Amino acid sequence: MLKDITIGQYFPGNSIIHRLDPRFKIVITLLFIIMIFTGKSFLCLAVGAVYTVLAVILSKIKPKMFWKSIKPLLPFLIITALLNLFLVSTGDIVWEWKFLKIREDAINISVFMIARIILLIIGSSLLTYTTSPITLTDAIERLLSPLKKLKFPVHELAMMMSIALRFIPTLIEETDKIMSAQKARGAEIDSGSFMTRTKNMISILVPLFISAFRRADELATAMECRCYNGGEGRTRLRQLKSAPRDYIALAVTILFYGAVIAVSILTK
């Protein structure tokens, strides 16, 4: 299951989404998140869903990759839906059993929340799927560059975010290896009661933390050996340059955002 997690991975390609300026992609992703949270009705989500489907098609990334990013979060989505189903106390009663009641508003809210979260996952995943960690770091640093005048450590922040994204797949692979090794030694990780499985997780977490700290120390040593001293005087192999397609993509996003606002006003 851990091998199916695709969070933080980059899939090289030559689609129009891949070729967009990473600075524009970050801004577009932020606008998309605001757009999804602005919508308060299913019609607004439908507009966001159309935008998301178009982006996925243009990215030429297989839909199953997005399913893999959603799959690990299914338990949380189910718990969220159940809490909304049984805690919302407005609307007509659709189903009732003893003290449990499911109302019409509860069903609508549950479906709406799940659809919104799924769209957010797909939209945010599209950014990392189509942008390499290095270019993403450069884009973040360029967008935050005005903060350098306030002595804000922009380069260090961008570098930390890039390293964190880069090591998510590595840590997932390391976790899978540790679990396989512990099972080979007779550890019962997937069986027993909830408390038993929770205690058995210690045999996974301790080696994982040790491995993570060791990797961090090795990375710090490697950076020091290469005389890394932050962003001062640093040059870049790839210069970020905007193109007409970047402005078109931004304009289309703003257009969809405007459509969501218009639908929200008309459906009040």
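The structure reproduced in this document is the subject of the present report. This structure is a prediction, so every number in the text was calculated from the model and none was measured.

Side note on the nonpolar core
For step 1, the next point in the chain: Membership of the largest hydrophobic core comes to 17 residues, with the highest contact counts inside it found for F32, M35, I36 and Y51.
For step 2, the next point in the chain: Residue assignment for this core shows that the elements contributing at least two residues are α1 (22-38), α2 (42-59), α5 (104-129) and α10 (244-266).
For step 3, the next point in the chain: Discounting chain neighbours no more than four positions away, the residues touching I36 are L45, G48, R116, L119 and L120.
For step 4, the next point in the chain: Residues F11, F66, I70 and I122 belong to the second largest nonpolar core, which totals twelve residues.

Describing the pairing of strand β2 (residues 100-103)
For step 1, the next point in the chain: Two elements, strand β1 (residues 93-97) and β2, share four bridges in a ladder whose sense is antiparallel. When the sheet's bridge partners are listed, W97 is paired in β2 with L100.
For step 2, the next point in the chain: Taking the residues between adjacent antiparallel strands as the criterion, β1 and β2 are bridged by two residues, where K98 takes a positive phi near 55°.

Here we look at the side chain of R103
For step 1, the next point in the chain: Here R103 lies in strand β2.
For step 2, the next point in the chain: The residues touching R103, leaving out its near neighbours within four places in the chain, are V88, S89, T90, G91, D92, I93 and V94.

Quick look at a nonpolar patch on the surface
For step 1, the next point in the chain: Residues F42, I78, L82, F86, V94, W95, W97, I107 and V111 make up a contiguous nonpolar surface patch of roughly 850 Å² in combined accessible area.
For step 2, the next point in the chain: Of the residues examined, W95 reaches a relative accessible area of 41% and is grouped as partly exposed.

Some details on the packing of helix α6 (residues 133-143) against helix α7 (residues 154-184)
For step 1, the next point in the chain: Following both chains from N to C, one finds α6 and α7 inclined at 155°, their axes separated by 9 Å at the closest point. As judged from the angle between their axes, α6 and α7 are roughly antiparallel. Regarding α6 and α7, the two cross each other, and that crossing is right-handed. Packed against α6, whose contacting residues are P133, L136, T137, I140 and E141, the element α7 presents V154, H155, A158, M159, M161, S162 and L165 at the interface.
For step 2, the next point in the chain: Considering only residue class, the contact of α6 with α7 consists of eight nonpolar, three polar and one charged.

Quick word on helix α9 (residues 202-225)
For step 1, the next point in the chain: In this model α9 runs 34 Å from its N-terminal to its C-terminal C-alpha over 24 residues, within 8% of the 34 Å that 1.5 Å per residue would give.
For step 2, the next point in the chain: For α9, the complete set of buried residues consists of I204, L208 and S211.
For step 3, the next point in the chain: Note on α9: the residue one or two positions beyond its end, C227, has a positive phi of about 60°.

Let's talk about the environment of I204
For step 1, the next point in the chain: Relative to the helices and strands, I204 resides in helix α9.
For step 2, the next point in the chain: Here I204 falls in the buried class, since its relative accessible area comes to 2%.
For step 3, the next point in the chain: The spatial distance from the C-alpha of I204 to the C-alpha of T267 is 51 Å, given a sequence separation of 63 residues.
For step 4, the next point in the chain: Excluding residues within four positions of it along the chain, I204 makes contact with T175, I178, M179 and I189.

A look at the packing of aromatic side chains
For step 1, the next point in the chain: Within the structure shown, the criterion is met by six aromatic pairs.
For step 2, the next point in the chain: Ring geometry for F11 versus Y129: centroids 5.0 Å apart, planes at 80°, classification edge-to-face. With F11 in the segment before α1 and Y129 in helix α5, the pair connects residues that are 118 residues apart, well separated along the chain. Here F11 matches Y129 in class, with each residue buried.
For step 3, the next point in the chain: Taken together, a centroid distance of 5.3 Å and an interplanar angle of 55° make the contact between F66 and Y129 tilted. With F66 in helix α3 (residues 63-70) and Y129 in helix α5, this pair connects stretches of sequence that are 63 residues apart. The residues F66 and Y129 share a single accessibility class, namely buried.
For step 4, the next point in the chain: Each residue in the set F11, F66 and Y129 is aromatic and connected to the rest through ring pairs, giving one cluster.

Regarding α1
For step 1, the next point in the chain: Taking 1.5 Å per residue as the helical rise, α1 with its 17 residues ought to reach 24 Å, and the 24 Å between its terminal C-alpha atoms agrees with that figure.
For step 2, the next point in the chain: Those residues of α1 not exposed but buried are P22, R23, F24, K25, I26, I28, T29, L31, F32, M35 and I36.
For step 3, the next point in the chain: Buried residues in α1 make contact with α2, α5, α6 and α10.

Concerning the packing of α7 against α9
For step 1, the next point in the chain: Where α7 meets α9, the axes come as close as 10 Å, and the angle between the chain directions of the two elements is 140°. Relative to α9, the element α7 lies oblique. Of the two possible hands of crossing, α7 and α9 adopt the one that is right-handed. Taken together, the residues of α9 that come into contact with α7 (itself represented by I163, F167, T170, L171, E174, T175, I178, M179 and Q182) are S203, I204, P207, L208, S211, A212, R215 and L219.
For step 2, the next point in the chain: Tallied by class, residues from the contact of α7 with α9 come to ten nonpolar, five polar and two charged.

What counts as what
- Residues numbered from 1 in each chain as written.
- Predicted model: local features only at pLDDT ≥ 70, side-chain atom pairs only at ≥ 80, totals over all residues.
- Heavy atoms only, no water.
- Core = buried A, V, L, I, M, F, W, Y, C linked by side-chain atoms within 4.5 Å.
- Buried < 20%, exposed > 50% of the residue type's maximum accessible area, 1.4 Å probe, protein only.
- Helix = DSSP H or I, 4+ residues; strand = E, 2+ residues; numbered from the N terminus.
- Contact = heavy atoms within 4.5 Å.
- Pairing = 2+ DSSP bridges.
- Patch = residues over 30% accessible without salt bridge, like charges linked within 9 Å, V, L, I, M, F, W, Y side chains within 5 Å.
- Areas by Shrake-Rupley, 256 points an atom, 1.4 Å probe, with all protein chains shown as cover.
- Salt bridge = Lys/Arg side-chain N within 4 Å of Asp/Glu carboxyl O.
- Axes fitted to C-alpha atoms, helices over the stretch in contact; angles between N-to-C directions.
- Parallel < 35°, antiparallel > 145°, perpendicular 65-115°, else oblique.
- Left-handed = near helix turned anticlockwise from the far one by under 90°.
- Nonpolar A, V, L, I, M, F, W, Y, C, P; charged D, E, K, R; others polar.
- Expected span 1.5 Å × (residues − 1).
- Phe/Tyr/Trp six-rings, centres within 6.5 Å; stacked < 30°, edge-to-face > 60°.

Don't take any of this as a statement about function, it's just geometry.
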